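Chain and residue survey
So you can see what is in the structure, the chains are spelled out below.
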Amino acid sequence: MAWHDGAVTPAQRSAWISEQARAIGFDLCGVVSIAPSADGGGTHSAMALDELAHLPEWLARGYAGEMKYLEDPRRADPAQVLEGARSLIVVALNYNTEQPYSTEVLPDAAAAHSTNESPRGWISRYAWGDDYHEILGEKLASLVNAMRSQFDEPFGARFYVDTGPVVERIAAKYAGLGWLAKNTCLINEQAGSWLFLGVILTTLELSPSLAPNEPPAPDLCGNCRLCLEACPTQAFPEPYVLDARRCISYLTIELRGSIPEEFRAEMGRAVIGCDICQDVCPWNRRAPATSLAAFQPKRISGPENGAGKAHDSHSLFLPGLEWLAALTQEEFSRVFRGSAVKRAKWRGLIRNACVALGNSGVPRESESYRRISLLLGRLADSDDALIAEHARWALAQLALREPLVGFSG
C-alpha cells in the first residue's frame with residue numbers, strides 16, 4: 001500500500017528502500033544526501049568535499065589514460081547529474097564464487113610437457129557470468145518501480161551501473177557501505193571487496209545512512225601492503241592511488257591500441273582484467289560466495305558439427321588460450337553476447353590472448369609449441385596491424401622465455 005506524503009518521513013523512506021533493496025536481491029544498501037548548499041556552491045555531502053576534490057589532480061597526472069569519460073565535470077558533484085537531485089541511493093551485489101583465486105591456481109606449463117594441453121588464461125572473476133550491467137540494471141529498475149508504487153510524491157530518478165558520471169565507490173563509502181582500500185576498491189568488513197555497485201539519483205528527500213557528523217566506516221587496511229606489493233605492473237604509485245595506465249585491467253579492457261612492451265611480460269596470462277590485488281587481500285579470505293547462478297563461470301558450447309553434435313565446451317574460468325586466440329569476429333560476438341567481456345571488443349581480446357600465449361612458457365619440444373606457433377604465425381599475417389604486432393611479439397617471447405611459475409609472469 002502506498003504511503004501518503006504527509007504521513008512518511010525521510011527516515012522511513014530510507015528504511016523502506018533499504019528493506020526493499022534487500023528483498024530484490026541486493027546485499028547492501030545505503031543513502032547519501034546530495035542536497036544543494038544554501039549558497040548554491042555545491043552540495044553538503046562530505047562526498048563532494050573529500051575524495052571527489054582530488055579527482056582533478058588525479059586526472060591532471062594522466063592516471064586515467066585514455067578513459068576520457070572520466071573527465072566529465074559532473075563527476076565532481078552528483079547534484080549536477082539530475083536536476084533537483086537530493087539523494088543518492090547506493091547498492092552492492094556480491095559476485096564472489098567458490099572457484100579459487102588467480103593467485104591459488106597453479107600454471108599448467110608442466111602439463112604441456114606430457115599432455116600437450118592448451119595453456120590456460122585468466123579472465124577476471126567479474127566477467128565469468130552474465131553481464132553485471134544487465135543484472136544490476138534490472139534490479140535497480142525494479143527498485144525504482146517499487147519506490148514509485150510506494151511513494152505518492154512525484155519524483156525524478158536515474159540509475160547507473162558504471163554508465164553514468166557518478167563515482168560509485170566514493171558514494172558507497174559515504175553511504176556507510178565500507179572503506180576505500182589501498183588498492184582503491186571498496187571493502188566491506190563482512191563482504192570483502194567482491195562487490196558490484198549501482199546507484200540511483202533521486203529528487204526524493206531521504207535520510208542519509210550516516211548520521212550528521214558520523215564518519216564513514218574506519219579504514220581497516222592498517223599497515224598491510226599486500227595489494228600494492230602483489231601488483232605485477234606496479235600500478236599504485238602510492239597507497240590509495242591507482243595509475244590506470246599501468247593496471248592490467250585497463251591494459252586488457254580499456255586500452256584500444258598497442259599494449260606498451262614494458263608491461264607485456266608482467267601481464268602473465270591475464271586476458272580480461274586482473275584480480276591479483278583483491279586475491280591477496282586478507283579481507284577476502286572469508287568473503288562469502290554468491291548463490292546467484294548468473295555470476296557462475298559460463299560454459300561455452302561450440303557450434304554443432306554435421307552430425308548435430310556440439311563441439312567441446314569451454315569455461316570462462318581458466319579458458320584455453322588457443323581457443324580464445326582463434327576466435328573469429330563472428331564467434332566472439334556469439335560467445336560473449338550478454339557478457340562483460342565484450343567491452344574489450346574482438347581485436348582487444350585477440351591482442352590480449354597473443355600476449356598471454358607469449359607468456360605461456362610452453363616448451364619448444366612440445367606439441368603445444370608447434371600448434372601455438374602456427375596459430376600465432378597466422379595472426380602475425382593478419383591484416384589488422386594491432387593483432388599482427390602482438391602476435392609477432394608473442395612468437396619472439398616463446399622462443400626466449402622459460403615456463404612460467406605463476407600467472408603474474
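Further up the page is the structure itself.
Residues numbered from 1 in each chain as written. Predicted model: local features only at pLDDT ≥ 70, side-chain atom pairs only at ≥ 80, totals over all residues. Heavy atoms only, no water.

What follows is about the overall build of the protein chain. Scanning the protein chain from N- to C-terminus turns up 14 helices and 10 strands. Classification of the 409 residues of the protein chain by burial places 54% in the buried group. If you take every contact in the protein chain between residues at least 6 apart in sequence, the share linking residues at least 24 apart comes to 75%. About 18,200 Å² of surface is accessible on the protein chain, with carbon and sulfur atoms providing 51% of the total. (Helix = DSSP H or I, 4+ residues; strand = E, 2+ residues; numbered from the N terminus. Buried < 20%, exposed > 50% of the residue type's maximum accessible area, 1.4 Å probe, protein only. Contact = heavy atoms within 4.5 Å. Areas by Shrake-Rupley, 256 points an atom, 1.4 Å probe, with all protein chains shown as cover.)

Here 4 strands make up an open sheet; going across it, the order is β1-β2-β7-β4 and the pairing antiparallel. Taken across any chain shown, the strands that pair with only one partner, and hence form the sheet edges, are β1 (28-33) and β4 (157-160). For this sheet, the mean inter-axis angle between neighbouring strands, taken without regard to orientation, is 20°. Relative to strand β7 (residues 195-202), β4 runs antiparallel, the two being bridged by 4 bridges. Across the sheet, residue Y160 finds its bridge partner in β7, namely V199. Across the face of the sheet, helix α1 (residues 10-24) comes into contact with β1 and β2 (87-94) while running at roughly 150° to β1. Together, β2, β4 and β7 form the strand contacts of helix α4 (residues 132-150), whose direction differs from that of β7 by roughly 35°. (Pairing = 2+ DSSP bridges. Axes fitted to C-alpha atoms, helices over the stretch in contact; angles between N-to-C directions.)

Turning next to α4. Here α4 contains 19 residues, and its C-alpha end-to-end distance of 27 Å stays within 8% of the 27 Å for a straight helix at 1.5 Å per residue. When we look at burial in α4, the residues that qualify are Y132, I135, L136, G137, K139, L140, L143, V144, A146, M147 and Q150. Buried residues along α4 sit against α1, β2, β4 and β7. (Expected span 1.5 Å × (residues − 1).)

A few words on the packing of α1 against α4. At a minimum axis distance of 10 Å, the contact between α1 and α4 shows a crossing angle of 140°. Compared by their axis directions, α1 and α4 come out oblique. Between α1 and α4 lies a crossing whose hand is right-handed. Contact with α1, carried on its side by W16, I17, Q20, A21 and I24, involves K139, S142, L143, A146, M147 and Q150 of α4 and no other residues of that element. Considered class by class, the residues forming the contact of α1 with α4 number 7 nonpolar, 3 polar and 1 charged. (Parallel < 35°, antiparallel > 145°, perpendicular 65-115°, else oblique. Left-handed = near helix turned anticlockwise from the far one by under 90°. Nonpolar A, V, L, I, M, F, W, Y, C, P; charged D, E, K, R; others polar.)

Scanning the model with the defined rule gives 0 disulfides in all. In this model C277 remains outside any disulfide bridge; the closest cysteine sulfur is found in C185, 4.9 Å from its own. (Disulfide = S-S within 2.5 Å.)

Take the pattern of salt bridges next. All chains considered together, the criterion is met by 15 salt bridges. Between K342 and D131 there is a salt bridge; the shortest N-O distance is 2.8 Å. Here D131 lies in the loop between β3 (122-123) and α4 and K342 lies in the loop between α11 (329-335) and α12 (345-358), a separation of 211 residues in the sequence. Assessed through its relative accessible area of 35%, K342 is described here as partly exposed. A salt bridge links R343 to E254, with the shortest nitrogen-to-oxygen separation between them at 2.9 Å. Residue R343 is located in the loop between α11 and α12, and its partner E254 is located in helix α7 (residues 248-254); the two are separated by 89 residues in the primary sequence. (Salt bridge = Lys/Arg side-chain N within 4 Å of Asp/Glu carboxyl O.)

Our focus in this paragraph is unusual backbone geometry. One non-glycine residue, Q234, lies in positive phi territory at about 55°. Tracing the backbone shows Q234 in the loop between α6 (226-230) and α7. Overall, Q234 belongs to the partly exposed group, its relative accessible area being 43%. The phi dihedral of K345 is positive, around 70°, even though this residue is not glycine. One can find K345 in helix α12. According to the relative accessible area criterion, K345 is partly exposed, its value standing at 48%.

With that settled, the discussion passes to the pairing of β7. Across the 8 residues that make up β7, a large majority, 8, are buried. Residues L195, L197, V199 and L201 point to one face of β7 and F196, G198, I200 and T202 to the other, with burial holding for every one of them.

Below, the discussion takes up the packing of aromatic side chains. All chains considered together, the criterion is met by 12 aromatic pairs. Taking the centre distance of 6.0 Å and the plane angle of 75° together, the rings of W122 and F317 count as edge-to-face. In this pair, W122 is assigned in strand β3 and F317 in the loop between β10 (314-315) and α10 (321-325), connecting sequence segments 195 residues apart. In this pair, the class of W122 matches that of F317, namely buried. With centroids separated by 5.2 Å and ring planes inclined at 65°, the aromatic side chains of F196 and F295 adopt a geometry described as edge-to-face. Residue F196 is found in strand β7, and its partner F295 is found in the loop between α9 (276-279) and β9 (299-300); the two are separated by 99 residues along the sequence. Given a relative accessible area of 5%, F196 falls into the buried group. Note on F295: relative accessible area 2%, which makes it buried. (Phe/Tyr/Trp six-rings, centres within 6.5 Å; stacked < 30°, edge-to-face > 60°.)

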